[in-house]
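Structural description and commentary
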Amino acid sequence: MSNFRLIEGDGRLILSIPHAGTRLTRRLAERMTPAGQSLIDTDWWLERLYDVPEITALRPTILVADLSRYVIDLNRDPRGASLYPGQATTGLLPLTTFDGEAIYLTGQEPTATEYEERLEDSFWPYHLALMAQLERVRDRHGIAGLYDCHSIRSVVPRLFDGQLPDLNLGTNSGTSCAPGLTQAVAAELKSADGFSHVIDGRFKGGWITRNYGLPAERVHAVQMELACRRYLSESAPFLYDEAGAAVLQRVLARVLVAMDASLSELSGRTAARPDNSGLLV
């Protein structure tokens, strides 16, 4: 059984959704605490949120994980290095929720063998598929744009102070995409009436953005971390807010249209330049 779903499009954009999955094996769920079984840190409803005509008209490729991030976090360094040294975060095989609560019952934490099995069975298949799609799109268009979709509760004191801005764009401090692309997206964020935003704030982009965002190799990546409050209730059962989502969807559509237009412009500048490089991990 595949642990992700792939929808191939023929446009320049790839939407990666690594944290929206909720699937656990029964055996694994039995080893978890109530906090772990709640899956509270899921990026709820993102596939639904991005399913609007203005975005589908761009013909993006979409890659969506089915497994919960508590099985393995597809947006963490597979070598175990922290994305934010010195700051609280969760790991490749998370042992705690964002709030610091134990995910596993005492003595039921993953073993070293499980660590390797989950990398082999769940982590690398997703990333091999993502790499293949990035190369396919780049071969077709001369450029590829990776938009990594995320959301998080607005208030998580262990991770950040106060209330998170509505729209959090990460570009790995300006290194994962061309400056012009950042500027194009930033212009849409600034013009989004009633929405707060930040660029490379608390969330600068996870391992997906940092690893695959290689402008010199014509792959431009950004991460969008949304504050959940704009489109769902932030406590169980995390109900989708149709009215709030509709407003947010208009903003996200403009962001992705701007990103696609910027990629088109960039591809015109670089189309004549040969490139035989691969996407390295």
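Calculation notes
- Residues numbered from 1 in each chain as written.
- Predicted model: local features only at pLDDT ≥ 70, side-chain atom pairs only at ≥ 80, totals over all residues.
- Heavy atoms only, no water.
- pLDDT = per-residue confidence, 0-100.
- Contact = heavy atoms within 4.5 Å.
- Buried < 20%, exposed > 50% of the residue type's maximum accessible area, 1.4 Å probe, protein only.
- Helix = DSSP H or I, 4+ residues; strand = E, 2+ residues; numbered from the N terminus.
- Pairing = 2+ DSSP bridges.
- Axes fitted to C-alpha atoms, helices over the stretch in contact; angles between N-to-C directions.
- Patch = residues over 30% accessible without salt bridge, like charges linked within 9 Å, V, L, I, M, F, W, Y side chains within 5 Å.
- Areas by Shrake-Rupley, 256 points an atom, 1.4 Å probe, with all protein chains shown as cover.
- Salt bridge = Lys/Arg side-chain N within 4 Å of Asp/Glu carboxyl O.
- Lys, Arg positive; Asp, Glu negative; His and termini not counted.
- Charge placed at Lys NZ, Arg CZ, Asp CG, Glu CD.

Our focus in this paragraph is the confidence of the model for the protein. Averaged over all residues, the pLDDT of the protein equals 94, while 95% of them reach at least 70. Across residues 271-276 the pLDDT falls below 50, and counting only partners more than four positions away or on other chains, this stretch makes six contacts in the model.

For strand E7 (residues 219-227), a buried count of nine out of nine residues is recorded, marking the element as mostly surrounded by other parts of the structure. Burial of the side chains of E7 extends over both faces: Val 219, Ala 221, Gln 223, Glu 225 and Ala 227 are buried on one face and His 220, Val 222, Met 224 and Leu 226 on the other. Where strand E4 (residues 144-152) lies against E7, nine bridges are found, and the strand directions are parallel. Its bridge partner lying in E7, Ser 151 is registered against Leu 226. As paired elements, strand E5 (residues 167-170) and E7 share four bridges and run antiparallel to each other. Across the sheet, Asn 168 pairs through a bridge with Glu 225, a residue of E7.

So, on to the sheet that holds E5. Across a sheet, strands are paired by hydrogen bonds formed along the backbone, either parallel or antiparallel in direction. If you trace the seven strands from one edge of the open sheet to the other, you get E1-E3-E2-E4-E7-E5-E6, paired in mixed fashion. Since the sheet does not close on itself, it has two edges, and those belong to strand E1 (4-7) and strand E6 (197-199), each with one partner. Geometrically, the sheet is characterised by an average inter-axis angle of 15 degrees between neighbouring strands, direction not taken into account. Each of E1, strand E2 (13-17), strand E3 (61-65), E4 and E7 touches helix H5 (residues 112-141); the most contacted strand, E3, lies at about 175 degrees to it. Packing of helix H6 (residues 179-190) onto the sheet brings it into contact with E5, E6 and E7, and relative to E6 it is tilted by some 165 degrees.

On the surface, a cluster of negative charge is made up of Glu 116, Glu 117, Glu 120 and Asp 121. Along the chain, Asp 121 turns up in helix H5.

Time to look at the pairing of E3. Along E3, five of the five residues are buried, which leaves the element largely enclosed by surrounding structure. Bridge analysis of E2 against E3 gives four bridges, and the strand direction is parallel. Bridging across to E3, Leu 15 finds its partner in Ile 62.

Per the counting criterion, the structure on display carries 19 salt bridges. Salt-bridge contacts for Glu 114 lead to Arg 31; the nearest nitrogen and oxygen are separated by 2.7 Å. Linking Glu 114 in helix H5 with Arg 31 in the loop between helix H1 (26-29) and helix H2 (34-37), this pair joins segments that are 83 residues apart in sequence. According to the relative accessible area criterion, Glu 114 is buried, its value standing at 15%. The exposure class of Arg 31 is buried, given its relative accessible area of 15%.

Bringing the environment of Val 156 into the picture now. Its location among the elements puts Val 156 in the loop between E4 and E5. With 57 residues separating them in the primary sequence, Val 156 and Asp 99 have C-alpha atoms 6.7 Å apart. Setting aside its immediate chain neighbours within four residues, Val 156 contacts Phe 98 and Asp 99.

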